[in-house]
Amino acid sequence: MSEPLHYVIIGTGAAGTEAALHLRQRDADCRITMVTAGRLLFIRRYELPKVFDGVEDWRELLVYPPEFYDEHGITVRRNSWVTNVDPERRVLGMRHKEEVSYDRLLVASGGGGYIPAGLSEYRHLLQRFATFGDAIRMRQSLPEGGRVIMLGADMTGLDLARKLTAAGFRLTVVATEQLFWPHEVSPRKRTRFVKALVAMGIEVIQGRAVAGIEATNSGGPARRVVMDKGDLRGDVVIPFFGLMPTLDFMVGAGVDIERGLLVNPQLATTDKNIWAAGDVCQIWSPEENHYRFYYGWKNVKMMGRIAALNMTGDNEAVDTVKEEDLFINANGEIDSPFWEYD
Ligand SMILES: Cc1cc2nc3c(=O)[nH]c(=O)nc-3n(C[C@H](O)[C@H](O)[C@H](O)COP(=O)(O)OP(=O)(O)OC[C@H]3O[C@@H](n4cnc5c(N)ncnc54)[C@H](O)[C@@H]3O)c2cc1C
């Protein structure tokens, strides 16, 4: 009898977890190993603002309980960093020097917040909001009713902004060209959408540039954002300038990379044993004749499912129809298909 296939998935987020589930449904006997640099299992990241409503334990945000993985025969290796992939030998190199071999590999390593070059020297003064730990740190830095200064304000940032406003915090958005990213908004529509943000209680500063960020210890808010004209004071400064795919460990693996890992509509990379799904990949769009990203929880899950189907012999393509655009809902608030989670 032949050995069961070993599927290895880098990443335990929405893409990786959805893929693992579908791999198990398709092949009852295969081995499935998920590897994550993180310490936690798969959580609903869009629910991270619940820490401001008193959530203290990350388990409250779990998508699946810990026993779920055992029940589905899925091995999850947490706190395990992949540093390189050798497609000839079909092994992952880990930071702790172990090698993990695979028959078929799915890269679902997501992306991190992009910081423009001009702000990188102020990284240590910026608050992140990508993990449960980040969310707890932010709650600790924010006094009741405190002020958050958000730079950029892509759709993930605006999701947080509206939830913070509802929780009683004050929001100042310093809008850049990443405002509403990944939506592409015409100047006319932008004016309307900015008005709607203001009506939602969010202060929006436009047409001004950040010259620097300083820590202050003279009492009052802990950060000063030095602008080209006048300064802003806030308790935390948080950047949201869109995503940068996490794929440094794939450099040298011989697969094609542009900004993301390049895949065809079937999510196959240029290596016959490697697929990619989620925020890490850029998919060829025959309709648009270029590679593009498919952001958003729903799209990412869809990619995880399609990758699993194709890794087990199907030939399904990602639906590359352009997503609906940003809109103003019946309450006069901006809304987006990006904020639909299921
Ligand atoms: C605060 C917040 C709010 C959001 N709000 C929305 C929203 O309103 N709507 C929406 O659609 N989306 C939202 N998102 C984005 C959404 O969460 C992402 O699109 C989605 O999580 C991406 O899933 P993914 O599986 O591609 O990657 P991720 O969930 O980012 O998972 C990446 C995985 O790869 C692992 N990894 C990376 N590098 C390595 C390595 N070298 N070795 C081992 N493991 C590695 C990570 O540990 C992680 O497990 C939000 C995100 C955040 C943080």
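Keep in mind it's a predicted model, so treat the numbers as computed, not measured. (Residues numbered from 1 in each chain as written. Predicted model: local features only at pLDDT ≥ 70, side-chain atom pairs only at ≥ 80, totals over all residues.)

Enquirer: Even after reading the chapter, I still don't get the overall build of the protein, so can you show me in this structure?
Expert: A tally of regular secondary structure across the protein gives 6 helices and 22 strands. Along the longest, intermediate and shortest principal axes, the C-alpha atoms of the protein span 70 × 40 × 35 Å. Here the protein holds 342 residues, and the buried ones make up 37% of them. Long-range contacts, defined here as pairs at least 24 residues apart, represent 64% of the contacts in the protein between residues at least 6 apart. (Helix = DSSP H or I, 4+ residues; strand = E, 2+ residues; numbered from the N terminus. Buried ≥ 20, exposed ≤ 12 C-beta atoms within 10 Å, placed from the backbone. Contact = placed C-beta atoms within 7 Å.)

Enquirer: Help me out: how do you make sense of helix α3 (residues 132-141) in this one?
Expert: Note: α-helices contain 3.6 residues per turn, so residues at a spacing of three or four share the same orientation. Restricting attention to buried positions, one finds in α3 the residues Phe132, Ala135 and Met138. In a view along the axis of α3, the buried residues occupy a sector of 125°, so they form one face of it. In the core, the buried residues of α3 are packed alongside β15 (236-239). (Arc of directions from axis to C-beta.)

Enquirer: Hey, could you run me through the nonpolar core in this one?
Expert: Considering soluble globular proteins, one finds that nonpolar side chains tend to be buried as a cluster. Counting 88 residues, the largest nonpolar core has Leu106 and Ala277 as its most contacted members. Residue contributions to this core peak at 6 residues, all from helix α6 (residues 297-311). When near neighbours in sequence (up to four residues on either side) are disregarded, Ala277 contacts Ala15, Ala19, Leu106, Ala108, Leu267, Met303, Gly304 and Ala307. (Core = buried A, V, L, I, M, F, W, Y, C linked by C-beta atoms within 7 Å.)

Enquirer: Just to check I follow, could you spell out the site of the ligand for this structure?
Expert: Neighbouring the ligand are 34 residues, the closest being Gly11, Gly13, Ala15, Gly110 and Gly278. The set of elements that each furnish at least two residues to the shell around the ligand consists of α1 (14-26), α4 (155-166) and α6. Taken together, the residues of the shell around the ligand sort by class into 19 nonpolar, 12 polar and 3 charged. (Near = placed C-beta within 6 Å. Nonpolar A, V, L, I, M, F, W, Y, C, P; charged D, E, K, R; others polar.)

Enquirer: What is the right way to read the sheet that holds strand β4 (residues 82-86) from this model?
Expert: Taking strand neighbours across the sheet as the criterion, the 3 strands line up as β4-β5-β6 in an open arrangement whose pairing is antiparallel. Strands at the two margins of the open sheet, each flanked by one partner only, are β4 and β6 (99-101). Pairs of neighbouring strands in the sheet enclose a mean axial angle of 25°, with direction left out of account. Bridge analysis of β4 against strand β5 (residues 91-94) gives 4 bridges, and the strand direction is antiparallel. Residue pairing in the sheet places Val82 in a bridge with Met94 of β5. (Pairing = 2+ DSSP bridges. Axes fitted to C-alpha atoms, helices over the stretch in contact; angles between N-to-C directions.)

Enquirer: Which parts of the structure should I look at to understand the domain arrangement of the protein?
Expert: Where interface size is quoted, it is often the accessible area lost as the parts come together. The domain architecture assigned to the protein consists of domain 1 (6-112 + 244-311) and domain 2 (115-241). Placing a centre on the C-alpha atoms of domain 1 and another on those of domain 2 gives a separation of 29 Å. On the side of domain 2, 12 residues touch domain 1, which itself brings 12 residues to the contact. A class-by-class count of the residues in the side of domain 1 that touches domain 2 yields 10 nonpolar, 1 polar and 1 charged. (Domains from an automatic or database assignment.)

Enquirer: In this structure, what is going on with the environment of Lys50? I would like to understand it.
Expert: Here Lys50 lies in the loop between β2 (31-35) and α2 (66-71). By C-beta crowding, Lys50 is classed as partly exposed, having 16 other C-beta atoms within 10 Å. Residues Lys50 and Leu61 lie 11 residues apart in sequence; the distance between their C-alpha atoms is 8.8 Å. If sequence neighbours within four positions are ignored, Lys50 has contacts with Val55 and Leu61.

Enquirer: Is there a simple way to think about α6 in this case?
Expert: Its 15 residues give α6 an end-to-end C-alpha distance of 21 Å, which sits within 8% of 21 Å, the value for a rise of 1.5 Å per residue. Of the residues making up α6, those classed as buried are Asn299, Val300, Lys301, Met303, Gly304, Ile306, Ala307, Ala308, Asn310 and Met311. Packing partners of the buried residues in α6 comprise β1 (6-10), α1, β7 (104-107) and β18 (274-276). Just beyond α6, the residue with positive phi is Gly313, at close to 110°. (Expected span 1.5 Å × (residues − 1).)

Enquirer: Hey, could you run me through the sheet that holds β15 in this one?
Expert: The parallel open sheet is built from 4 strands, whose spatial order is β11-β10-β9-β15. Each having just a single partner strand, β11 (202-205) and β15 make up the two edges of the open sheet. Strand-to-strand twist in this sheet, taken as the mean axis angle between neighbours without regard to direction, amounts to 20°. In this sheet, strand β10 (residues 170-175) lies alongside strand β9 (residues 147-152) in parallel orientation, the contact comprising 6 bridges. Across the sheet, the residue bridging to Gly152 is Ala175, located in β10.

Enquirer: So what exactly am I meant to see when it comes to the packing of α1 against α6 here?
Expert: Packed helices, taken two at a time, are described by the angle their axes make and the gap between the axes. Packing of α1 against α6 leaves a shortest axis separation of 7 Å and a crossing angle of 35°. Helix-helix and strand crossings are classified by hand; for α1 and α6 the assignment is right-handed. Facing Ala14, Ala15, Gly16, Thr17, Glu18, Ala19, His22, Leu23 and Arg26 of α1, the residues of α6 in contact are Trp297, Val300, Lys301, Met303, Gly304, Arg305, Ala307, Ala308, Leu309 and Met311. Partitioning the contact of α1 with α6 into residue classes produces 11 nonpolar, 4 polar and 4 charged. (Left-handed = near helix turned anticlockwise from the far one by under 90°.)

Enquirer: Can you help me understand unusual backbone geometry in this one?
Expert: A cis amide bond, omega 10°, links Trp181 with the succeeding residue Pro182. Secondary-structure assignment places Pro182 in the loop between β10 and α5 (187-199). Positive phi, normally seen in glycine, also occurs at Arg90, with a value near 50°. By the element assignment, Arg90 lies in the loop between β4 and β5. A residue is classified by how many C-beta atoms lie within 10 Å of it, and Arg90, with 18 of them, is partly exposed. One non-glycine residue, Ala153, lies in the positive phi region at around 70°. Within the secondary structure, Ala153 is located in the loop between β9 and α4.

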